[in-house]
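# Summary of the model geometry
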Amino acid sequence: MNLKQLLRTITPDAYENLKYAVETGRWPNGVVLTPEQRELCLQAVIAYDLQHHEEPDRVGFIDRGRKAKLGRDPAPEWQNLELKDAPKN
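Residues numbered from 1 in each chain as written. Predicted model: local features only at pLDDT ≥ 70, side-chain atom pairs only at ≥ 80, totals over all residues. Heavy atoms only, no water.

Below, the discussion takes up the packing of aromatic side chains. For the structure on display, the rule yields one aromatic pair. Relative to Y48, the ring of Y15 lies with its centre 4.5 Å away and its plane at 25°, an arrangement referred to as stacked. With Y15 in helix α2 (residues 12–24) and Y48 in helix α3 (residues 35–52), this pair connects stretches of sequence that are 33 residues apart. In this pair, the class of Y15 matches that of Y48, namely buried. (Phe/Tyr/Trp six-rings, centres within 6.5 Å; stacked < 30°, edge-to-face > 60°. Helix = DSSP H or I, 4+ residues; strand = E, 2+ residues; numbered from the N terminus. Buried < 20%, exposed > 50% of the residue type's maximum accessible area, 1.4 Å probe, protein only.)

The next point concerns the nonpolar core. Soluble globular proteins tend to bury their nonpolar side chains together. L7, I10, Y15, L18, A21, V22, L33, C41, A44, V45, A47 and Y48 together form the largest nonpolar core, which totals 12 residues. Those elements that provide at least two residues to this core are α2 and α3. Residue contributions to this core peak at five residues, all from α3. Setting aside its immediate chain neighbours within four residues, A21 contacts R26, W27, L33 and R38. (Core = buried A, V, L, I, M, F, W, Y, C linked by side-chain atoms within 4.5 Å. Contact = heavy atoms within 4.5 Å.)

Moving on, we get to α2. Taking 1.5 Å as the rise per residue, α2 with 13 residues should run 18 Å; its terminal C-alpha atoms sit 18 Å apart, in good agreement. Against α3 lie the buried residues of α2. After α2 finishes, the residue G25 shows a positive phi value of roughly 80°. (Expected span 1.5 Å × (residues − 1).)

Here it is in structure tokens:
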């Protein structure tokens, strides 16, 4: 299954479980994630956010608008994030 197929199957509840796993390093049942699982979960959360949430509601959003208007902390240059399919074992 590639990332696009996975994103079509993620429900809002599954998204919340993935987010919890990334935040805590554990699945909701308490099992610890491997570093690879955590990375893949984070990729899925970011990709899901891009498809289903407005920018201010996405994971990791930082509102720099107010500070930028005050002349402090200018907004950084944007970089494209390239998501790769998980390696096949």
